[in-house]
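What follows is each chain in one-letter form.
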Amino acid sequence: MQIAYKKLSLGLLPFLFLGLPNLAFAEASTAMIDNNNHHQENYIEISPFSAKHQDEEMISPKSINIHPHKNKMYINALEAGKTLVYSNRTFEKLKTIDHSFSDHNSLKAGTRFFGKPVEGWFTHDGRYYWVTYYRWSDDANAMNNSGFALIDTDTDQIVRAFPTGNIPKFITANAESTLLSVTLWGENKVELYDISDVTNTHLISTIALGPKVYAEPGSNRDNTCGMCLRGTAFIPHSNLLAVAQMGSGGGIWLVDTSTMKVLRGLRKTPATPRHLQVYEDWLYFSANASGMVGRILISDLERAAKDDKFEPTIEAKKFGDGARTIKIFKNHIFAALNHSQKVAISNLDFTGMRTVPAPAFPVGLDVDENILAVTSQGRGGEGGHRVWIYNYNALP
């Protein structure tokens, strides 16, 4: 496999909010000085510490998803066990969705324990929002199976919760909202569900990409994860599902969703691919350990699925340290750089690189025509518990 690496210089370019009608940027709640350029950076912060947008439930926000139509955004506050629903225009809190249950078998609402929401995905033109539970609050080492929830975005209530395997991480669906995939970080497996009729959602296959993972009781399943599977992406107009492997050097696997068979792994990607997104003719990915963002032509992936000897060319570039969530929007790549504490922005071919400062330590992000929203989960007891919101139309 050929990898075309490109060098870049991560220059921090100053920007100021210009203010938009119908948006609340006129009263940015926090100011920050960039030590390189000494320009004041304005953004809105939602956190337990914010004077104007205080939210004590904003505990360890892991991911954020902006609704495609309803002018609201969903923030998964992992350690709070809650999904926080906010207006993405006024930034007022609309609702708290509590992921508390009474019984592990029935997953009925209660107060005994809660699920820790980690990632989310919209289906059926935004009507439904699916959220995975990283682990249960009463299972500190994630030794047991977990679950995921189906939320009705008309009511912002949980319709049903489903049991699943060990440490479900990423969740995604195909464009037709007929297939849903859940990666099991702790099991080397991917689950596929039929969601054609959400009232009859059911598991249709559990696909093992590697051997069974053995974990000693009391061990940390975050580390005892085998292949450590995470991001997934359905390849349009095909039966292919791409799966990111972060463990054992990493790679991207191709699964045939019609036969439920693993076709092959592409193991020469930059280290630890994490997040996948299809945009136009390419599959884009972030690679956490290498700090790179790369892309592969979908036509090459389709050929590689049929020909074991064919090695697709990977274009990749260093964005910074700790590349986590990426989002491709309006021909630009946005990447949360966890260790660099920045968000990097580039053109689709990785040119025109620029960065904006982000809260320590950024992990999730989403963007629409008005805002860029970034979550800070924190790390090692430092940083975290913040969401920063930038004016998209004033970004560099």
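So, how was this worked out
- Residues numbered from 1 in each chain as written.
- Predicted model: local features only at pLDDT ≥ 70, side-chain atom pairs only at ≥ 80, totals over all residues.
- Heavy atoms only, no water.
- Disulfide = S-S within 2.5 Å.
- Buried < 20%, exposed > 50% of the residue type's maximum accessible area, 1.4 Å probe, protein only.
- Salt bridge = Lys/Arg side-chain N within 4 Å of Asp/Glu carboxyl O.
- Helix = DSSP H or I, 4+ residues; strand = E, 2+ residues; numbered from the N terminus.
- Contact = heavy atoms within 4.5 Å.
- Polar contact = N/O pair within 3.5 Å; in protein donor to acceptor, adjacent residues only side chain to side chain.
- Pairing = 2+ DSSP bridges.

Colleague: Explain the state of the cysteines here, please?
Modeller: Two cysteines joined by a covalent bond between their sulfur atoms form a disulfide. Inspection of every chain in the model, using the stated rule, returns 1 disulfide. Two residues share a disulfide in this structure: C225 and C228, whose sulfurs sit 1.9 Å from each other. Disulfide C225 to C228: torsion about the S-S bond roughly 60 degrees, handedness right-handed. Both residues of the pair, C225 and C228, count as buried.

Colleague: Explanation requested: the pattern of salt bridges in the structure shown.
Modeller: Oppositely charged side chains are able to pair whenever their charged atoms sit close together. Within this structure, the stated rule accounts for 17 salt bridges. Of the charged contacts in the structure, one is a salt bridge between R127 and D152, with a shortest N-O distance of 2.9 Å. Here the residue R127 occupies a position in the loop between β9 (113–123) and β10 (128–136), and D152 occupies one in strand β11 (residues 147–152), the gap between them amounting to 25 residues. Classification of R127 by relative accessible area gives partly exposed; the value is 32%. A network of salt bridges, in which partner residues are shared, links D55, E57, K82 and K93.

Colleague: Would you mind showing me how to read the environment of T375 here?
Modeller: Tracing the backbone shows T375 in strand β30 (residues 371–376). Along the sequence, T375 and A336 sit 39 residues apart, while their C-alpha atoms lie 9.0 Å from each other. Aside from chain neighbours lying at most four places away, what touches T375 is P61, K62, S63, I64, F361, P362, V363, G364, R386 and V387. Polar side-chain contacts of T375 include one of 3.5 Å to the backbone oxygen of P61. Among the polar contacts made by the side chain of T375, one reaches the main-chain carbonyl oxygen of K62 at a distance of 3.3 Å.

Colleague: Explanation requested: the sheet that holds β10 in the structure shown.
Modeller: Strands belonging to one sheet form pairs held by backbone hydrogen bonds; the direction of such a pair is parallel or antiparallel. The strand order across the open sheet built from 5 strands is β8-β9-β10-β11-β12, with neighbouring strands paired in antiparallel fashion. Among the strands making up the open sheet, the edge pair consists of β8 (100–101) and β12 (157–163). In this sheet, β11 lies alongside β10 in antiparallel orientation, the contact comprising 6 bridges. Looking across to β11, one finds that Y133 is bridged to G147.

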